[in-house]
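Examining the three-dimensional arrangement
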Amino acid sequence: KIRLKHINLRAPDSTAPHAMKTDVADLAKLGLGLCGAAVVARILWKLKSGAQGALPESKKDQSGGVPSPKSNASVAPSQGLWIYFGSQMGTAEGFARELEEEASKLEIPATVVDMEDFDPDVFVQHKAVILVAATYGEGDPTDNAAEFYKWIHDDSHEPECLKGMHYTVMGLGNRQYVNFNSVGKAMDKQLEIMGATRIYERGEGDDDQNIEEDFEQWQENGLWPAILKALGKGDCQGKEEGLESAETALSRLTLQVKMAESIRELPVDPLVQVGGADIIGKWYFQASQAPVVVCEELRQKPNEEAGKTTKHLEFDIKQLPGVSWRTADNLEVLPQNPDDVVEWFAERLKVNEQLEHYMTFTRTNTTKPVKKPFPAPCKVQTALSIYCDLSALPARSTAKKFAPLVQDAADREALFALVQDREAYQILTDGRLTLKDFFELFMQSAEIDLSAFVQICQRQKNRPYTIASSSKEDSTRIGICVSLVQEEHSPLESVMKDLSAKGIQIPRASVYLQKLGAGASQPRRFRGLCSEMLCLRTTKGEKLWIAARASSFRLPKRTTTPIIMLGAGTGLAPFRGFVREFMAEKGSRSKTVLFFGCTKSDEDFIYKKELEDAAQKDPPALTELITAFSREQKEKIYVQHRLREKSAEVKQMMQDGGYIFVCGATSMGKQVRDELVTILGSADYFDRLKTEQRYVEELW
């Protein structure tokens, strides 16, 4: 069996520095092949364009329904249903794709559009529109929705410029944030102001609870009758729900994988384009690989087996000029699947002997250009290690795509019943089953190869961490603070019993439970994929994929402005960065107060010496350090309790123009907000602080 090693994860066609080291001759030959193929493709494209005429693309859209290069639309802008998404981590995009599939069942021509590709001249012609929009950070639009958001708020539009458009909005957010779903609400309001007609109530998905269920209930409460009515289709009956054949499911895939021992042996399809086919894929092409130069334990008494470990890691970005960041921004890190999990799936897909081979994509079932889901050519090992999420249970929408490939009739029937039952599938999700569990229980008889798998399997998402270092102190080093996420969940045996109680019988459950032996009846340990990699598997010198993203944490420019910081656990991260910045400023800030909470002063007081030294400097970089150790006395004490004790001082600081920054768990953030409203005397005062961006929070 081929043993996996830590791998260099950059594909040759990636645009970021430090691409995967490959034989120069191989790359030269590949480059010549690509150039030649591109020339041929360009000539063919010009010939095709000449046959259609020389109209600008936007004119072709308006006059004849010829699609813009920005979309794969096959209908004129004034026809069918148009679904626009604003997505940061792929959830909104996934929901938009699900809406497209549902529309297809109702024989409604639907087009999904990334808001990044929004064209005002096309948008104003639409008759039926669904906006699926996530709220990011402190009530901001996602990166890909920024221009659309700016456009709908432009006061220069003609009155009722969207008259004749029928629309609805599905907003996504987290109710624990003060600006819950503010982007969806704003889009809903602005389209109405611009003359469009709301045909269905706005949906609000809450990621703090069950965002998938919120989305599905929003659909089920009457979305499609409203859309059908807007399109003048009456009570059109959809196709009867049933599980399609494997052949039909595979015919939807537009790419096929080709493998070879060396890159030069791979075929080149010039119409398979780089850049990423979706939000997650685009991130892969924009990320950079950085070496870990510091990896240190922060707890006084770590216990890895109990899940009690917190690491400080630093990345050296001297050779990465494209990575731009500021103190307390976010650093996104791409996790890598554990070696044993990669090996299991490689064996299941019958590529365990080809892990060191190269793979690439060519088109199938289409003559149109197609974007790569992730950078390729790359090694098979790389594709399975970082681009496929091999750890998490697939979302129900993804499970539906796997289901047609199951050959055994009993397995097919059980899986089909399960994916149709939202509550039953949630039992698997709550039980933290993995993709491997899913394959063992349902996919034993499935005929699936690497080509189908890498297209159906969920993409691996990056994980954001608040930066815990100061760009003013050292712009070439980015530090993050990470605690291992570890939880205990019900035994698999209990999960199977819960499913049985719902009337879902899984034919292979008993065999799988026997295979697990005593482990089937024991609580299951869940560890976060990225936190486990960073806390337990990462060592100094390794290279990981990263990208920096701006946050809303910005220190006031005036050094006399009072600053209040509240953080618990790893919520200290941005404030460690702030303190390092205060030190770089030689203690020029007149009033800086930090409230920090953890369980015990001698167990998990992270960055303890740094903070104490900062408070003792002359002049102090930290004028006051206030701690709350929740387990050092009979009654638990948290940062909000310390805040209450300092209420008079806090109120005075805010009256003097102070800023408040909060970072930590969503439950902590809510309790801090409630305490501040009491201290300040009114909710209106607190709301004004938010509007003035003098109260800023980052929660999870």
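To start, this report covers the structure provided alongside it. Everything numeric in this text was worked out from a predicted model, so none of it was measured.

So, the overall build of the protein chain
Scanning the protein chain for helices and strands turns up 26 helices and 25 strands. For the protein chain, with 700 residues in total, the buried portion stands at 52%. When contacts within the protein chain are restricted to residue pairs at least 6 apart in sequence, those whose partners lie at least 24 apart make up 81%. Counting only carbon and sulfur atoms, one obtains 48% of the accessible surface of the protein chain, whose full area is about 31,400 Å².

So, the environment of Arg-463
Mapped onto the secondary structure, Arg-463 falls in strand 16 (residues 463-466). Spatially, the C-alpha atoms of Arg-463 and Glu-332 are 5.3 Å apart, while their sequence positions differ by 131 residues. Apart from residues lying up to four places away in sequence, Arg-463 is in contact with Leu-331, Glu-332, Val-333, Pro-335, Leu-529 and Cys-530. At 2.5 Å, the side chain of Arg-463 forms a polar contact with the backbone oxygen of Lys-461.

Re the packing of helix 18 (residues 492-501) against helix 19 (residues 509-516)
Interhelical geometry of helix 18 versus helix 19 gives an angle of 170 degrees and a closest axis separation of 10 Å. Relative to helix 19, helix 18 is oriented roughly antiparallel. Contacts between helix 18 and helix 19 involve Leu-492, Glu-493 and Met-496 from the former and Ala-509, Tyr-512, Leu-513 and Leu-516 from the latter. Per-class residue counts for the contact of helix 18 with helix 19 are six nonpolar, no polar and one charged.

Quick look at helix 11 (residues 339-348)
Looking only at helix 11, the buried set comprises Val-341, Val-342, Glu-343, Phe-345, Ala-346 and Arg-348. Along its buried surface, helix 11 packs onto helix 12 (380-387), helix 16 (435-442) and helix 17 (450-456). The positive-phi residue at the C-terminal boundary of helix 11 is Lys-350, with phi of around 60 degrees.

What to know about the sheet that holds strand 13 (residues 358-363)
One open sheet holds the three strands; their spatial order is 8-13-15, and the pairing between them is antiparallel. Each end of this open sheet is capped by a strand with a single partner; those strands are strand 8 (255-260) and strand 15 (378-379). Pairing of strand 8 with strand 13, which is carried by six bridges, proceeds in the antiparallel orientation. In the sheet register, Val-257 faces strand 13, and the bridge partner there is Phe-361.

Focus on the packing of helix 3 (residues 91-105) against helix 7 (residues 211-220)
Here helix 3 crosses helix 7 at 30 degrees, and the two axes come no closer than 12 Å. Relative to helix 7, helix 3 is oriented roughly parallel. At the point where helix 3 passes helix 7, the crossing takes the right-handed sense. Mapping the contact onto sequence places Phe-95, Glu-98, Leu-99 and Glu-102 in helix 3 and Ile-211, Glu-212, Phe-215, Trp-218 and Gln-219 in helix 7. Looking at the contact of helix 3 with helix 7 residue by residue, the classes come out as five nonpolar, one polar and three charged.

Some thoughts on the nonpolar core
The nonpolar side chains of soluble globular proteins are, as a tendency, buried together. By size, the foremost hydrophobic cluster in this structure holds 70 residues, and its most contacted members are Leu-384, Leu-390, Phe-402, Leu-428, Phe-438, Phe-453 and Met-496. Not counting residues up to four positions away in its chain, the partners in contact with Leu-384 are Asn-337, Val-342, Ala-346, Leu-349, Val-351, Leu-355, Leu-390, Leu-450 and Phe-453. Among the nonpolar cores identified, the runner-up in size contains 29 residues, and Leu-555, Phe-578, Ile-606 and Cys-663 belong to it.

Concerning the packing of aromatic side chains
Summed over all chains, the structure comprises 34 aromatic pairs. Between the aromatic rings of Phe-361 and Phe-374, the centroid separation amounts to 5.3 Å while the plane-to-plane angle is 70 degrees, which identifies the pairing as edge-to-face. Of this pair, Phe-361 sits in strand 13 while Phe-374 sits in the loop between strand 14 (370-371) and strand 15, and the two are 13 residues apart along the sequence. The residues Phe-361 and Phe-374 share a single accessibility class, namely buried.

Observations regarding the pattern of salt bridges
Summed over the entire model, instances satisfying the criterion amount to 46 salt bridges. Between Glu-649 and Lys-591 there is a salt bridge, and its shortest N-O distance comes to 3.2 Å. Highlighted residues: Glu-649 in helix 24 (residues 647-655) and Lys-591 in the loop between helix 21 (573-584) and strand 22 (592-598), separated in sequence by 58 residues. On the basis of relative accessible area, Glu-649 is assigned to the partly exposed category, the value being 25%. The salt bridge partner of Lys-646 is Glu-624, with a shortest N-O separation of 2.8 Å. Here Lys-646, found in the loop between helix 23 (639-645) and helix 24, pairs with Glu-624, found in strand 23 (residues 624-629); they are 22 residues apart in sequence, far enough to count as distant. According to the relative accessible area criterion, Lys-646 is partly exposed, its value standing at 27%.

Examining the sheet that holds strand 25 (residues 695-699)
The strand order across the open sheet built from five strands is 23-22-21-24-25, with neighbouring strands paired in parallel fashion. Both edges of this open sheet fall to strand 23 and strand 25, since each of them pairs with a single strand only. On average, adjacent strands in this sheet sit at an angle of 10 degrees to one another, irrespective of strand direction. The pairing of strand 21 (residues 563-568) with strand 24 (residues 659-664) spans five bridges and is classified as parallel. Counterpart to Leu-566 in the pairing with strand 24 is Val-662. Most of the contacts of helix 21 go to strand 21, to which it runs at about 140 degrees, and overall it touches strand 21, strand 22 and strand 24.

A word on the pairing of strand 20 (residues 543-549)
Among the seven residues in strand 20, five count as buried, and that is most of the element. When strand 10 (residues 288-297) meets strand 20, the two strands line up antiparallel, connected through four bridges. Bridging across to strand 20, Gln-289 finds its partner in Trp-545. Of the pairings in the sheet, the one linking strand 12 (residues 330-333) to strand 20 comprises four bridges and is antiparallel in character. Residue pairing across strands places Glu-332 opposite Ala-547, the latter belonging to strand 20.

Criteria and thresholds
Residues numbered from 1 in each chain as written. Predicted model: local features only at pLDDT ≥ 70, side-chain atom pairs only at ≥ 80, totals over all residues. Heavy atoms only, no water. Helix = DSSP H or I, 4+ residues; strand = E, 2+ residues; numbered from the N terminus. Buried < 20%, exposed > 50% of the residue type's maximum accessible area, 1.4 Å probe, protein only. Contact = heavy atoms within 4.5 Å. Areas by Shrake-Rupley, 256 points an atom, 1.4 Å probe, with all protein chains shown as cover. Polar contact = N/O pair within 3.5 Å; in protein donor to acceptor, adjacent residues only side chain to side chain. Axes fitted to C-alpha atoms, helices over the stretch in contact; angles between N-to-C directions. Parallel < 35°, antiparallel > 145°, perpendicular 65-115°, else oblique. Nonpolar A, V, L, I, M, F, W, Y, C, P; charged D, E, K, R; others polar. Pairing = 2+ DSSP bridges. Left-handed = near helix turned anticlockwise from the far one by under 90°. Core = buried A, V, L, I, M, F, W, Y, C linked by side-chain atoms within 4.5 Å. Phe/Tyr/Trp six-rings, centres within 6.5 Å; stacked < 30°, edge-to-face > 60°. Salt bridge = Lys/Arg side-chain N within 4 Å of Asp/Glu carboxyl O.

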